[in-house]
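# A closer look at the structure
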Amino acid sequence: MGKAKQGSTGTPATVALTRAGVAFEARSYEHDPAAPSYGLEAAQALGVPAERVFKTLLVQGESGLAVGIVPVDRQLDLKAVAAALGAKKVAMAPPAAAERSTGYVVGGISPIGQKRALPTVLDDSALAHVTVLVSGGRRGLDLELAPADLVTVTGATTAPIAR
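Residues numbered from 1 in each chain as written. Predicted model: local features only at pLDDT ≥ 70, side-chain atom pairs only at ≥ 80, totals over all residues. Heavy atoms only, no water.

## Concerning the overall build of the protein chain
Basically, it comes down to this: Numbering goes from the N terminus for both helices and strands, where a helix is a DSSP run of H or I of at least four residues and a strand is a run of E of at least two. The quantity called the radius of gyration is restricted to C-alpha atoms. Its globule counterpart is 2.2 Å times the number of residues to the power 0.38. Here's how the labels work: a residue is buried when its accessible area is under 20% of the maximum for its type, exposed when over 50%, partly exposed in between, all with a 1.4 Å probe on protein chains only. We call two residues contacting when some pair of their heavy atoms lies within 4.5 Å. Note on areas: Shrake-Rupley, 1.4 Å probe, and residue coverage restricted to the protein chains presented here. A residue counts as positive if it is Lys or Arg and as negative if it is Asp or Glu; His and the chain ends are not included. Positions of charges follow a simple convention, taking NZ of Lys, CZ of Arg, CG of Asp or CD of Glu.
If you tally the helices and strands in the protein chain, you get six helices and eight strands. Taken from N to C terminus, the helices and strands of the protein chain fall in the order α-α-β-α-β-β-α-β-α-β-β-β-α-β. In terms of C-alpha radius of gyration, the protein chain reaches 14 Å, essentially the compact-globule figure of 15 Å for 163 residues. Dimensions along the principal axes, computed over C-alpha positions, put the protein chain at roughly 40 × 35 × 30 Å. Taking all 163 residues of the protein chain together, the buried fraction comes to 50%. Long-range pairs, those at least 24 residues apart, make up 61% of the contacts in the protein chain between residues at least 6 apart in sequence. As displayed, the protein chain has an accessible area near 7,700 Å², and 54% of this comes from carbon and sulfur atoms. Of the side-chain charges in the protein chain, 16 are positive and 14 negative, and the distance between the mean point of each set is 8 Å.

What follows is the structure, encoded as structure tokens:
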């Protein structure tokens, strides 16, 4: 995997990875606005098993927003992510709050290059793969990178947070 050219993708996520010197591959696909699941659509369009494609979800707890990253074919376990964050409980963040905080649109929220660094938890299943894919910051763009690099660039902790 090489570095992506800035002109072709140019999102805050690709800029952040390039600035951090992280190797990644930008993987574009034709996004269908009618797709019932953006994450499963990405896995199918890119020909990648769903367990290697991760979705970025924002939760709201007593201490504010946080990020949970789980495989697209699974759901975020709110109790597990709360425990990983050291919170009593969390709920899914309203879409408007997620967009305002991250600078991305729902369906294209990347865990990388958000406007504000939020506490982030990556499902530990990611560590079983050589590379994983996450949103690149817009619908129709995923970024493939090593899970260890994803942890480093997002400051994430890992825990079993998917069900």
